[in-house]
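Spelled out from the first residue to the last, the chains are:
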Amino acid sequence: MAFRLDDMDRKILKELQADAAQSLDDIARNVGSSKTPVWNRIRKMKEANIIGRQTVFLDAEALGFEACFFVLIRTSEHEADWQRKFLAALQARPEVQEAHRLAGDIDYILKVRVKNARAYDEFYQALISEVRIHNVTALLSMEEIKSTLELPL
């Protein structure tokens, strides 16, 4: 049976999206409830996999990762063995922040965060040494205008 969100669940989720590190007391106060019912709702949403792992956002540029590339990949290979090798290669590379399989002319798009262009080239050379790729286009992001993981609840 699918988990059905009500208005209180949505309020709690909005609070968690804004700042998952805030205390349970703060969340309860902000949504107009008490601590125990909020805790029970959060627990149930975790059990239903609505709330996944919690992490912290790091400032990539402050840590020296100044280059963000969007990598468009076309492949002529679509066999299961190739896909398994390709996905394993992506999973093994911490530079890959996101990877999506697409419909249309481009097969995959990657978001790759590295220190500089030389580091991107090292990433690229390592990737193409492991899996055969028909065509790769790398686009350097000049400016991040918006980035969020928040869903419009």
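Refer to the structure printed above.
Scoring rules and cut-offs
- All chains use their own residue numbering, which begins from 1 and follows the written sequence.
- Only residues with pLDDT of at least 70 get local features here, since the model is predicted, and only at 80 or more are side-chain atom pairs given and counted; chain-wide, interface and lining totals rely on the full set of residues.
- In computing side-chain properties, one takes all heavy atoms of the structure into account and sets aside hydrogens as well as water.
- Axes, fitted as lines to C-alpha atoms, cover a helix only where it is in contact. Angles between the N-to-C directions of the axes lie from 0 to 180 degrees.
- Working definition: helices are DSSP H or I runs of at least four residues, strands are E runs of at least two. Numbering for both runs from the N terminus.
- Oblique is the label for any angle not covered by the other classes, which are roughly parallel (under 35 degrees), roughly antiparallel (over 145) and roughly perpendicular (65 to 115).
- The contact rule is simple, with two residues in contact once any of their heavy atoms fall within 4.5 Å.
- Just so you know the grouping, Ala, Val, Leu, Ile, Met, Phe, Trp, Tyr, Cys and Pro go in nonpolar, Asp, Glu, Lys and Arg go in charged, and all remaining residues, Gly too, go in polar.
- For any helix crossing, the convention is left-handed if the near helix is rotated counterclockwise from the far helix by under a right angle, and right-handed if that rotation is clockwise.
- When a residue's accessible area, from a 1.4 Å probe over protein chains only, is under 20% of the maximum for its type it is buried; when over 50% it is exposed; and in between it is partly exposed.
- Residues counted as positive are Lys and Arg, residues counted as negative are Asp and Glu, and His and the chain ends are not counted.
- Whenever a carboxyl oxygen of Asp or Glu lies within 4 Å of a side-chain nitrogen of Lys or Arg, that contact is scored as a salt bridge.
- Strands were regarded as paired on the criterion that DSSP finds at least two bridges between them.
- Helices are assigned an expected span. That span is 1.5 Å times one less than the residue count.
- Pairs of N or O atoms within 3.5 Å make up the polar contacts considered here, provided that, within protein, one atom can donate a hydrogen while the other can accept it, and that residues adjacent in sequence are counted only when both atoms are side-chain atoms.

Asks: I tried to follow the packing of helix 1 (residues 7-18) against helix 3 (residues 35-47) on my own but got confused; where do I start?
Replies: Packed helix pairs are specified by the crossing angle of their axes together with the interaxial distance, meaning the distance between the axes. Direction vectors running N to C along helix 1 and helix 3 enclose 80°, while the axes themselves pass 10 Å from each other. For the element pair helix 1 / helix 3, the angle class is roughly perpendicular. Together, M8, D9, I12, L13 and L16 of helix 1 and V38, R41, I42 and M45 of helix 3 make up the contact between the two elements. The residue inventory of the contact of helix 1 with helix 3, partitioned by class, reads seven nonpolar, no polar and two charged.

Asks: I keep staring at the packing of helix 1 against helix 2 (residues 24-31) and nothing clicks. Help me out?
Replies: At a minimum axis separation of 10 Å, helix 1 and helix 2 run at an interaxial angle of 130°. Viewed along their axes, helix 1 and helix 2 adopt a mutual orientation that is oblique. Seen along the crossing, helix 1 lies across helix 2 with a hand that is right-handed. On the side of helix 1, the interface is formed by M8, K11, I12, E15 and L16, while helix 2 contributes I27, N30 and V31.

Asks: How should I be thinking about the side chain of K111 in this particular structure?
Replies: Among the secondary structure elements, K111 is positioned in strand 3 (residues 108-114). Buried K111, no salt bridge; nearest opposite-charge side chain is E144, N-O distance 4.3 Å. With residues near it in sequence (within four places) discarded, K111 still touches C68, F69, F70, E95, V96, Q97, E98, E144 and S147.

Asks: How should I be thinking about the sheet that holds strand 4 (residues 135-140) in this particular structure?
Replies: The sheet built from four strands is open, its strands ordered 2-3-1-4 with antiparallel pairing. Edge strands, defined here as strands with exactly one partner in the open sheet, are strand 2 (96-101) and strand 4. Direction aside, neighbouring strands of the sheet carry axes that sit 20° apart on average. Two strands pair when backbone bridges link them, and strand 2 and strand 3 are joined in this way by five bridges, in the antiparallel orientation. Across the sheet, A99 pairs through a bridge with L110, a residue of strand 3. Seen against the sheet, helix 4 (residues 80-91) touches strand 1 (67-74), strand 2 and strand 3 and runs at an angle of roughly 25° to strand 3.

Asks: Help me understand the pattern of salt bridges, please; the structure alone is not making it clear to me.
Replies: Once the charged atoms of two side chains with opposite charge are near each other, the side chains can pair. With the rule as written, the count across this model stands at nine salt bridges. Residues D9 and R41 are paired through a salt bridge, measuring 2.8 Å at the closest nitrogen-oxygen approach. Of the two residues, D9 is situated in helix 1 and R41 in helix 3; the sequence distance between them amounts to 32 residues. When its relative accessible area of 3% is taken as the criterion, D9 is described as buried. On the basis of relative accessible area, R41 is assigned to the partly exposed category, the value being 25%. The salt bridge involving R93 is made with E130; its shortest N-O contact spans 2.6 Å.

Asks: Would you mind going over helix 1 with me for this structure?
Replies: Note on helix geometry: an α-helix contains 3.6 residues per turn, so any two residues three or four positions apart are oriented the same way. For helix 1, built from twelve residues, the straight-helix expectation of 16 Å at 1.5 Å per residue is met to within 8% by its first-to-last C-alpha distance of 17 Å. In this structure, the buried side of helix 1 is in contact with helix 2 and helix 3. In this structure D6 caps helix 1, since a side-chain oxygen of it lies 3.1 Å from the backbone nitrogen of M8.

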